[in-house]
Amino acid sequence: EARTAAEALRQAFPKRAGTLWFLIQGAERAGDADAQEALEREIGAMPCPDPVPLFWAVRQATARGRWREAEALLRRREAALALHPAFWDHLGQVLLGLKRDGDAETAYRKALALEANLPKARNNLGLILYRRGDLAGAEAEFRQALRIQPDYMLARQNLDAVTARR
């Protein structure tokens, strides 16, 4: 039946049926969880995916608490997307959700080596350093996140928490 829901969307919008992204948005708006899961499986089976639907599938999996499944989706695409900073940023978020701070730190450092101006990656790296007790390192990351995006409230709150402890 899940496959039927995805097919129904394709038939309803034949001119745009070539894009998984359009189908994903339709399933999401319709609140059709079965169609969403069928599309996630299609995306997972793609040999060389467009990263946007892959990242959507990862976000959907994590929103449902399926952290290991999200990691598996990303790991299957690691070779194809290893030079894509958002790949490492998403992997870092998943690894944080799995409570694997060391692996998440590695992923965030890879993302930042490819693109230094990722405020969310800097903030999350700061959180890892904070939890490890490296307050100076955490403060530096939070400050860098705020240099990139001055209105990033979460980084501001994290910086305030670090400076209050020092």
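What you see is a predicted model, and the numbers here were worked out from it, not measured in a lab.

**Structural notes on the overall build of the chain**
So, step 1. On a plain count of helices and strands, the chain comes out with 11 helices and zero strands.
So, step 2. Its helices and strands in sequence order give the chain the pattern α-α-α-α-α-α-α-α-α-α-α, from N to C terminus.
So, step 3. The proportion of buried residues among the 166 residues of the chain is 46%.
So, step 4. Contacts spanning at least 24 positions in sequence make up 47% of the contacts within the chain whose residues lie at least 6 apart.
So, step 5. With an accessible surface of roughly 8,800 Å², the chain has 53% of that area assigned to carbon and sulfur atoms.

**Focus: the nonpolar core**
So, step 1. Residues Leu 74, Phe 87, Leu 91 and Tyr 108 are the most contacted members of the largest nonpolar core, which totals 36 residues.
So, step 2. At the level of elements, helix 4 (51-63), helix 5 (67-75), helix 7 (85-97), helix 8 (101-114), helix 9 (119-132), helix 10 (135-148) and helix 11 (153-165) are the ones that each hand at least two residues to this core.

**A look at the packing of aromatic side chains**
So, step 1. Across all of its chains, the model carries one aromatic pair by this definition.
So, step 2. A ring pair is formed by Phe 87 and Trp 88, whose centres lie 4.9 Å apart and whose planes are at 85 degrees; its orientation type is edge-to-face. For the pair shown, Phe 87 and Trp 88 are each scored as buried.

**Re the pattern of salt bridges**
So, step 1. Evaluated as defined, the whole model comprises 10 salt bridges.
So, step 2. One salt bridge in this structure joins Arg 66 and Glu 69, with 2.8 Å as the shortest N-O distance.
So, step 3. The network of salt bridges with common partners includes Glu 71, Arg 75, Glu 78, Arg 100 and Asp 103.

**With respect to the confidence of the model for the chain**
So, step 1. Summary statistics for the chain give a mean pLDDT of 83 and a share of 71% for residues scoring 70 or more.
So, step 2. Within the chain, the lowest mean pLDDT, 52, falls on helix 1 (residues 2-12), and the highest, 98, falls on helix 10.
So, step 3. A low-confidence stretch, residues 13-18 (pLDDT under 50), is modelled with four contacts involving residues beyond four sequence positions or located in other chains.

**Section: helix 10**
So, step 1. Between the first and last C-alpha of helix 10 there are 20 Å, a value that for 14 residues agrees with the 20 Å anticipated at 1.5 Å per step.
So, step 2. Among the structural elements, helix 8, helix 9 and helix 11 are those in contact with the buried residues of helix 10.

**Some remarks on helix 11**
So, step 1. Between the first and last C-alpha of helix 11 there are 19 Å, a value that for 13 residues agrees with the 18 Å anticipated at 1.5 Å per step.
So, step 2. All buried positions along helix 11 are accounted for by Ala 155, Asn 158, Leu 159 and Val 162. Take helix 11 and look down its axis: the buried residues cluster within an arc of 100 degrees, on one side only. Along helix 11, exposed side chains directed more than 90 degrees from the buried face belong to Met 153 and Ala 164.
So, step 3. The inward-facing, buried residues of helix 11 abut helix 9 and helix 10.

**A short note on the side chain of Asn 158**
So, step 1. Structurally, Asn 158 is set in helix 11.
So, step 2. Here the side chain of Asn 158 touches Asn 123 through a polar contact of 2.8 Å, side chain to side chain.
So, step 3. Residues contacting Asn 158, with those up to four places away along its chain left out, are Asn 123, Leu 127 and Phe 142.

**Topic: the packing of helix 4 against helix 5**
So, step 1. Contact geometry of helix 4 with helix 5 gives a least axis separation of 8 Å together with a crossing angle of 165 degrees. Classed by the angle they form, the pair helix 4 and helix 5 counts as roughly antiparallel. Crossing hand, helix 4 versus helix 5: left-handed. Contacts between helix 4 and helix 5 involve Leu 54, Phe 55, Ala 57, Val 58, Ala 61 and Thr 62 from the former and Trp 67, Glu 69, Ala 70, Leu 73 and Leu 74 from the latter.
So, step 2. Grouping the constituent residues of the contact of helix 4 with helix 5 by class yields nine nonpolar, one polar and one charged.

What counts as what
Residues numbered from 1 in each chain as written. Predicted model: local features only at pLDDT ≥ 70, side-chain atom pairs only at ≥ 80, totals over all residues. Heavy atoms only, no water. Helix = DSSP H or I, 4+ residues; strand = E, 2+ residues; numbered from the N terminus. Buried < 20%, exposed > 50% of the residue type's maximum accessible area, 1.4 Å probe, protein only. Contact = heavy atoms within 4.5 Å. Areas by Shrake-Rupley, 256 points an atom, 1.4 Å probe, with all protein chains shown as cover. Core = buried A, V, L, I, M, F, W, Y, C linked by side-chain atoms within 4.5 Å. Phe/Tyr/Trp six-rings, centres within 6.5 Å; stacked < 30°, edge-to-face > 60°. Salt bridge = Lys/Arg side-chain N within 4 Å of Asp/Glu carboxyl O. pLDDT = per-residue confidence, 0-100. Expected span 1.5 Å × (residues − 1). Arc of directions from axis to C-beta. Polar contact = N/O pair within 3.5 Å; in protein donor to acceptor, adjacent residues only side chain to side chain. Axes fitted to C-alpha atoms, helices over the stretch in contact; angles between N-to-C directions. Parallel < 35°, antiparallel > 145°, perpendicular 65-115°, else oblique. Left-handed = near helix turned anticlockwise from the far one by under 90°. Nonpolar A, V, L, I, M, F, W, Y, C, P; charged D, E, K, R; others polar.

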